[in-house]
Amino acid sequence: MNSKNLPIKERLRLLVDSLDGAEKTNEALSQCKNSDAMLDILLEASSKLELGLTRDDLKQNPPIRDWVWWKNKEALVNLGDDNLRYQGDSSGKTRWDSWTISFFKFLRIWR
(Lines give C-alpha, C1' and ligand atoms only; values in the text may rest on other atoms or scores of the structure.)
Protein backbone atom coordinates (compact mmCIF):
# COMPACT_ATOMS: atom_id res chain seq x y z
CA MET A 1 0.00 0.00 0.00
CA ASN A 2 1.22 3.49 -0.85
CA SER A 3 1.86 5.38 2.39
CA LYS A 4 0.67 8.63 0.76
CA ASN A 5 -2.84 7.14 0.74
CA LEU A 6 -2.87 6.73 4.52
CA PRO A 7 -4.60 9.30 6.75
CA ILE A 8 -2.38 12.14 8.00
CA LYS A 9 -2.40 10.86 11.59
CA GLU A 10 -1.14 7.47 10.43
CA ARG A 11 1.62 9.04 8.30
CA LEU A 12 2.66 11.19 11.26
CA ARG A 13 2.82 8.09 13.44
CA LEU A 14 5.10 6.46 10.86
CA LEU A 15 7.33 9.55 10.85
CA VAL A 16 7.54 9.67 14.64
CA ASP A 17 8.24 5.93 14.81
CA SER A 18 11.06 6.36 12.29
CA LEU A 19 12.69 8.97 14.54
CA ASP A 20 13.03 6.49 17.39
CA GLY A 21 16.70 5.56 17.43
CA ALA A 22 17.65 7.85 14.53
CA GLU A 23 20.58 9.47 16.29
CA LYS A 24 21.67 11.87 13.54
CA THR A 25 18.14 13.15 12.94
CA ASN A 26 17.45 13.55 16.65
CA GLU A 27 20.75 15.36 17.13
CA ALA A 28 19.92 17.72 14.27
CA LEU A 29 16.45 18.35 15.70
CA SER A 30 17.86 19.16 19.13
CA GLN A 31 20.30 21.68 17.65
CA CYS A 32 17.71 23.56 15.60
CA LYS A 33 17.53 27.28 16.38
CA ASN A 34 13.80 27.53 15.67
CA SER A 35 10.73 25.60 14.62
CA ASP A 36 11.24 26.30 10.90
CA ALA A 37 14.57 24.51 11.02
CA MET A 38 12.88 21.59 12.79
CA LEU A 39 10.19 21.44 10.13
CA ASP A 40 12.83 21.38 7.39
CA ILE A 41 14.47 18.32 8.95
CA LEU A 42 11.13 16.60 9.51
CA LEU A 43 10.05 17.31 5.92
CA GLU A 44 13.30 15.77 4.69
CA ALA A 45 12.67 12.67 6.82
CA SER A 46 9.10 12.51 5.52
CA SER A 47 10.37 12.76 1.97
CA LYS A 48 12.87 9.90 2.49
CA LEU A 49 10.02 7.74 3.80
CA GLU A 50 7.79 8.88 0.92
CA LEU A 51 5.03 9.91 3.33
CA GLY A 52 3.97 12.95 1.35
CA LEU A 53 3.55 15.18 4.41
CA THR A 54 3.48 18.94 3.92
CA ARG A 55 4.74 21.69 6.19
CA ASP A 56 1.12 22.51 7.09
CA ASP A 57 0.45 18.85 7.96
CA LEU A 58 3.34 18.96 10.41
CA LYS A 59 2.42 22.35 11.88
CA GLN A 60 -1.26 21.57 12.43
CA ASN A 61 -1.26 18.01 13.79
CA PRO A 62 0.07 16.51 17.02
CA PRO A 63 2.64 15.50 18.07
CA ILE A 64 4.77 17.54 15.65
CA ARG A 65 2.59 20.62 16.25
CA ASP A 66 3.38 20.39 19.96
CA TRP A 67 7.11 19.95 19.32
CA VAL A 68 7.10 23.08 17.20
CA TRP A 69 5.30 25.06 19.92
CA TRP A 70 7.79 23.84 22.50
CA LYS A 71 10.76 24.80 20.31
CA ASN A 72 9.27 28.28 19.91
CA LYS A 73 8.63 28.31 23.67
CA GLU A 74 5.01 29.19 23.03
CA ALA A 75 2.66 28.36 25.86
CA LEU A 76 -0.23 26.03 25.22
CA VAL A 77 -2.40 28.20 27.44
CA ASN A 78 -2.26 31.95 27.99
CA LEU A 79 -3.59 33.44 31.22
CA GLY A 80 -4.08 37.14 31.72
CA ASP A 81 -5.53 40.14 29.95
CA ASP A 82 -8.91 38.40 29.88
CA ASN A 83 -7.51 36.11 27.24
CA LEU A 84 -7.66 32.49 28.27
CA ARG A 85 -7.18 30.33 25.22
CA TYR A 86 -5.48 27.33 23.76
CA GLN A 87 -2.75 28.37 21.32
CA GLY A 88 -3.93 25.87 18.71
CA ASP A 89 -7.33 27.50 18.39
CA SER A 90 -7.43 29.70 15.33
CA SER A 91 -10.80 31.14 16.26
CA GLY A 92 -11.36 33.65 19.00
CA LYS A 93 -13.44 31.16 20.95
CA THR A 94 -11.98 29.57 24.04
CA ARG A 95 -11.61 25.83 24.43
CA TRP A 96 -12.24 26.12 28.12
CA ASP A 97 -15.63 25.36 29.59
CA SER A 98 -17.51 28.03 31.47
CA TRP A 99 -17.10 26.08 34.72
CA THR A 100 -13.31 26.31 34.33
CA ILE A 101 -13.42 30.08 33.98
CA SER A 102 -15.79 30.29 36.97
CA PHE A 103 -13.34 28.19 38.95
CA PHE A 104 -10.47 30.52 38.02
CA LYS A 105 -12.57 33.52 39.02
CA PHE A 106 -13.32 31.82 42.34
CA LEU A 107 -9.59 31.33 42.94
CA ARG A 108 -9.01 34.95 41.89
CA ILE A 109 -6.71 33.82 39.09
CA TRP A 110 -9.01 35.29 36.46
CA ARG A 111 -9.62 39.03 36.30
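Residues numbered from 1 in each chain as written. Predicted model: local features only at pLDDT ≥ 70, side-chain atom pairs only at ≥ 80, totals over all residues. Heavy atoms only, no water.

S.K.: Help me out: how do you make sense of the pattern of salt bridges in this one?
M.R.: Opposite charge on two side chains makes pairing possible when the charged atoms of those side chains draw close. In this structure the tally under the stated criterion is 5 salt bridges. For Asp17, the salt bridge goes to Arg13, with nearest N and O atoms at 2.7 Å. Taken together, the residues span about one helical turn, with Asp17 and Arg13 both in helix H1 (residues 8–19) at a distance of 4 residues. Residue classification places Asp17 among the partly exposed positions, given a relative accessible area of 44%. One connected set of salt bridges, linked through shared partners, spans Glu10, Arg13 and Asp17. (Salt bridge = Lys/Arg side-chain N within 4 Å of Asp/Glu carboxyl O. Helix = DSSP H or I, 4+ residues; strand = E, 2+ residues; numbered from the N terminus. Buried < 20%, exposed > 50% of the residue type's maximum accessible area, 1.4 Å probe, protein only.)

S.K.: Honestly, the environment of Leu43 in this entry has me stumped. Any pointers?
M.R.: The topology assignment puts Leu43 in helix H3 (residues 35–48). By relative accessible area, Leu43 is classed as partly exposed at 22%. Distance from Leu43 to Asp57, taken between C-alpha atoms, is 9.9 Å for residues 14 residues apart in sequence.

S.K.: Would you explain the packing of helix H2 (residues 23–30) against H3 in this entry?
M.R.: Between two packed helices, both the angle of their axes relative to each other and the distance between the axes serve to describe the pair. Orientation of H2 relative to H3, taken along the N-to-C sense of each, is 160°, at an axis distance of 9 Å. Taken as axis vectors, H2 and H3 run roughly antiparallel relative to one another. As for how H2 packs across H3, the hand of that crossing is right-handed. When H2 is examined against H3, the residues Thr25, Ala28 and Leu29 are found in contact with a partner set consisting of Met38, Ile41 and Leu42. Among the residues making up the contact of H2 with H3, the classes are represented as 5 nonpolar, 1 polar and no charged. (Axes fitted to C-alpha atoms, helices over the stretch in contact; angles between N-to-C directions. Parallel < 35°, antiparallel > 145°, perpendicular 65-115°, else oblique. Left-handed = near helix turned anticlockwise from the far one by under 90°. Contact = heavy atoms within 4.5 Å. Nonpolar A, V, L, I, M, F, W, Y, C, P; charged D, E, K, R; others polar.)

S.K.: So what exactly am I meant to see when it comes to the nonpolar core here?
M.R.: In a soluble, globular protein the nonpolar side chains are often hidden away together inside. Counting residues in each nonpolar core, the largest one holds 14 residues, and the members touching the most others are Leu15, Leu42, Leu53, Leu58 and Ile64. Looking at this core, the elements that each hand over two or more residues are H1, H3 and helix H5 (64–71). Ranked by the residues each element gives to this core, the list is headed by H3, at 4 residues. Apart from residues no more than four positions distant in its own chain, Leu58 is found in contact with Leu12, Leu15, Leu39, Leu42, Leu43, Leu53, Ile64 and Arg65. (Core = buried A, V, L, I, M, F, W, Y, C linked by side-chain atoms within 4.5 Å.)

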